[in-house]
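What the coordinates show
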Amino acid sequence: MPNFSKVITDIINQGFSRTLAQERQEDLERIGKSWDFYYGDQEKYIKRYRGEDADDYADKDKMVFNYTRSVIDEYLNGVFAKPVSVVYKDKSHQKTWDELTDPVTFFKIVLFLKKVQRIAELSNLCVVMLRWNEITKQVYFEDIRGEFVNFIPDEKNPKEIGAMVISYVYDTGDPDISRRFL
């Protein structure tokens, strides 16, 4: 005989999972719309009015002005108008930072930080990871857009983050649609 408490807990967890999945899908749709507007692809969001014929809708002028890109780029230029400096109390951390951002090894740190901020503005989140390049034997920064990042609550304290999962969706080319996207 199944444990009634466990069955109820599983049902509740599945309900939370479906709700979270739906909320995440809505977040991803909003983020996708933000990127569309940033890249000037707003025309598809212009409404077709009730009673408006499809031919009339296709023929009407659809004025598109890309103010999203202007606002975000102007904001970024304001934020990064001055040189970026990072100071650590711990001398070993400072040494590592200075090596990573040395103009010889990473001469475009301000451009990278602007890119990270742009992603954060449009995707609500940008993860910056340190990576190791085996060929050059150097550490480098990688930016990961918010839509590829999922947080899993901590088992003991669900209000805290227990793990971060980075998942990319890409087309495998498999004709079986259930296995096509990973």
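Our subject is the structure that appears above.
Residues numbered from 1 in each chain as written. Predicted model: local features only at pLDDT ≥ 70, side-chain atom pairs only at ≥ 80, totals over all residues. Heavy atoms only, no water.

Take the environment of tyrosine 75 next. Here tyrosine 75 lies in helix H3 (residues 67-79). Using a relative accessible area of 39% as the deciding quantity, one classes tyrosine 75 as partly exposed. Between the C-alpha atom of tyrosine 75 and that of glutamate 121, which follows or precedes it by 46 residues, the distance is 9.9 Å. Ignoring sequence-local partners within four residues, the contact set of tyrosine 75 consists of Gln117 and Glu121. (Helix = DSSP H or I, 4+ residues; strand = E, 2+ residues; numbered from the N terminus. Buried < 20%, exposed > 50% of the residue type's maximum accessible area, 1.4 Å probe, protein only. Contact = heavy atoms within 4.5 Å.)

Ranked by size, the top nonpolar core spans 15 residues in total, and within it Trp35, Tyr38, Ile72, Leu122 and Phe141 carry the most contacts. At the level of elements, helix H1 (4-38), H3, helix H4 (91-100) and helix H5 (109-123) are the ones that each hand at least two residues to this core. Of the residues forming this core, the biggest block, 5 residues, is contributed by H5. Other than its neighbours up to four places away in sequence, tryptophan 35 contacts Ile119, Leu122, Ser123, Arg145 and Glu147. (Core = buried A, V, L, I, M, F, W, Y, C linked by side-chain atoms within 4.5 Å.)

What follows covers unusual backbone geometry. Trans peptide bonds make up most of the peptide bonds, and negative phi angles are found at most residues other than glycine. Phi at asparagine 124 is positive, roughly 70°, even though this residue is not glycine. Relative to the helices and strands, asparagine 124 resides in the loop between H5 and strand E1 (126-133). Taking relative accessible area as the criterion, asparagine 124 reaches 63% and is therefore assigned exposed.

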